[in-house]
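Analysis of the macromolecular model
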Amino acid sequence: MQEAYKRVVDAVLERDVDLVIHSGDVFDSVRPATHVIIGFLKQTFRITRTDIPYLVAAGNHETPRLRTTTAALEYANLVNARSAHGFEMERCVEAAGDVAVGVTLVPHGAVAGSGAVLPDRDADVNILVTHGLVPQLETRQHEMGEANLHSGMLEGAFDYVALGHYHEFHEHRENAYYAGATERFGFGEVASVPGFAVVELAGGGPPTVEHVPIEARPMIDLPKISAHGLDAEGLTEGIRARTADADLDGAVVRLRAYDVQRGVPSGVDRDLLRDLQRRCLNFSLEIHAEQRPEEADAAPATAVFGPLGEEFAAFVAARRERGELEKRFAEEFLEKGRGYLARATSGEPPP
Ligand SMILES: [Mn+2]
């Protein structure tokens, strides 16, 4: 996130913009790590210290479940950005030269409670910023806790609607766009182009919207392994062959193996996996018992084993052998733990 956001700020400062808008999910949680918050504030201040207004409406990831919890996004206000991160819509008017820009921020927490949202009549130009899925948007990217934006909310006569949540740059209407994410967040997005949008509003006509790509971390989906008849040594060799000549340093890498027999994954060479974990930003080895990718994709991800999964299985097995865990509890514990690890690896939130 850090590098991508810095690149966006670099690119924004190269252009002569009047206003910067973030349409949500600045952070991936209500309580992000301190270095993540500091990185965000440092970069955001590079914009606000030049007196360019910066406005942000919180997304689902950074919105607290309880109204009494403080969202980390509130820190943004300390560097003179304006963040709406609660459960109410917020409005303000910013000056862009001699133009009064009315901005209406409807954060994730206020989406459900907002009826029709109307522009500010006293402003020259009106922008609505909100976060959620628009009706009819066919997307594979479904998340727990996301909000659907009802069409009534988007029908006010705004000059521009800045939408957040969907990770692709996408035109919903001629005046309503998703800017898209600045990073790829999973292998479903291997083909997407991270970036941001530059919007030009002139003369009351439809806005001109340009998607500006930014350099992103390489994401590599290695050719799949068919592990039919392979033992642990054979699978190790398969992994070695796929990774030996690939340029994986600093990349997010996935390698999938199908038709893998029981017991084989635990025998894969650990030094090789450790080395791959070191070289890649993230190396994920997906082990599937199914013979074909389509079957595996249809079934829920139940069998994702990485070094961590093996570690956990070994932990449970050792405690069972020592008699510290009762058989039924150990089985349930192992199954649940594996489920959590698989979901964490796939980036899905827990149920
Ligand atoms: Mn979101």
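The structure presented is a predicted model; accordingly, all values stated were derived computationally and were not measured. (Residues numbered from 1 in each chain as written. Predicted model: local features only at pLDDT ≥ 70, side-chain atom pairs only at ≥ 80, totals over all residues.)

1. With respect to the nonpolar core
Soluble globular proteins: nonpolar side chains tend toward being buried together. For the record, the criterion: Residues enter a nonpolar core if they are buried, belong to Ala, Val, Leu, Ile, Met, Phe, Trp, Tyr or Cys, and are joined to the set through C-beta atoms within 7 Å. Three exposure classes are used. Buried residues have 20 or more other C-beta atoms within 10 Å of their own C-beta, exposed residues have 12 or fewer, and partly exposed residues fall in between, all C-beta atoms being placed from the backbone. Residue pairs qualify as contacts under a 7 Å threshold applied to their C-beta atoms, which are placed from the backbone.
Grouped together as the largest cluster of nonpolar side chains are 48 residues, with contacts concentrated most on Leu73, Ile127 and Val129. With residues up to four places along the chain from it excluded, the contact list for Val129 reads Ile21, Ser23, Leu55, Ala57, Val103, Thr104, Leu105, Val106 and Ala162. In this structure, Met219, Ile225, Val264 and Leu285 belong to the second largest nonpolar core, which totals 17 residues.

2. Remarks on the sheet that holds strand 9 (residues 176–178)
Basically, it comes down to this: When DSSP locates at least two bridges between a pair of strands, those strands are taken to pair. Secondary structure elements are defined from DSSP: runs of H or I of at least 4 residues count as helices, runs of E of at least 2 residues count as strands, and each element is numbered from the N terminus. In this analysis, axes come from line fits to C-alpha atoms, helices being fitted only over the stretch in contact, and the angle between any two N-to-C directions falls in the range 0 to 180 degrees.
Pairing in this open sheet of six strands is mixed, and the strands run 4-5-6-7-9-8 from one edge to the other. In the strand order of this sheet, the two ends are held by strand 4 (90–96) and strand 8 (170–173), each with one partner. Each strand axis lies, on average, 20° off the axis of its neighbour in the sheet, ignoring direction. The pairing of strand 5 (residues 99–106) with strand 6 (residues 125–131) spans six bridges and is parallel. Each residue of the ladder has a partner; that of Val106, found in strand 6, is Thr130.

3. Considerations on the pairing of strand 14 (residues 252–258)
Applied cut-off: Look down the strands so they point away from you; if going from the first strand over the helix to the second traces a clockwise path, that crossover is right-handed.
With five of seven residues buried, strand 14 lies mostly within the body of the structure. Pairing geometry for strand 12 (residues 219–221) and strand 14, over three bridges, is parallel. Its bridge partner being in strand 14, Ile220 is matched across the sheet by Val253. Bridging between strand 13 (residues 225–226) and strand 14 involves two bridges; their strand directions are parallel. Bridge assignment links Ile225 to a residue of strand 14, and that residue is Ala257. With respect to chirality, the unit in which strand 13 leads through helix 4 (residues 232–243) into the neighbouring parallel strand 14 is right-handed. By the bridge criterion, six bridges tie strand 14 to strand 15 (residues 282–287) in an arrangement that is parallel.

4. Some points on the sheet that holds strand 2 (residues 54–57)
Within a sheet, neighbouring strands are paired by backbone hydrogen bonds and run either parallel or antiparallel to one another. Read across the open sheet, the three strands follow the order 1-2-3; overall the sheet is parallel. Both outer strands of the open sheet, strand 1 (20–22) and strand 3 (82–84), are each paired with one neighbouring strand and no more. Between one strand axis and the next, the sheet turns through 15° on average, direction left out of account. Relative to strand 2, strand 1 is paired through three bridges, and the arrangement is parallel. Considered in strand 2, the bridge of Ile21 is made with Leu55.

5. Observations concerning the confidence of the model for the protein
The condition is simple: In predicted models, pLDDT denotes the confidence assigned by the predictor to each residue on a 0 to 100 scale.
Looking at the protein, the pLDDT average stands at 87 and 89% of residues meet or exceed 70. pLDDT under 50 marks residues 300–305. Its contacts with residues more than four places away, or in other chains, come to 17 contacts.

6. Observations regarding unusual backbone geometry
Positive phi outside glycine occurs at Asn80, with the angle close to 70°. Inspection of the secondary structure assignment puts Asn80 in the loop between strand 2 and strand 3. Here Asn80 falls in the partly exposed class, since 14 other C-beta atoms lie within 10 Å of it. Phi at Asp259 takes a positive value of approximately 60°, unusual for a residue other than glycine. Mapped onto the elements, Asp259 comes out in the loop between strand 14 and helix 5 (270–279).

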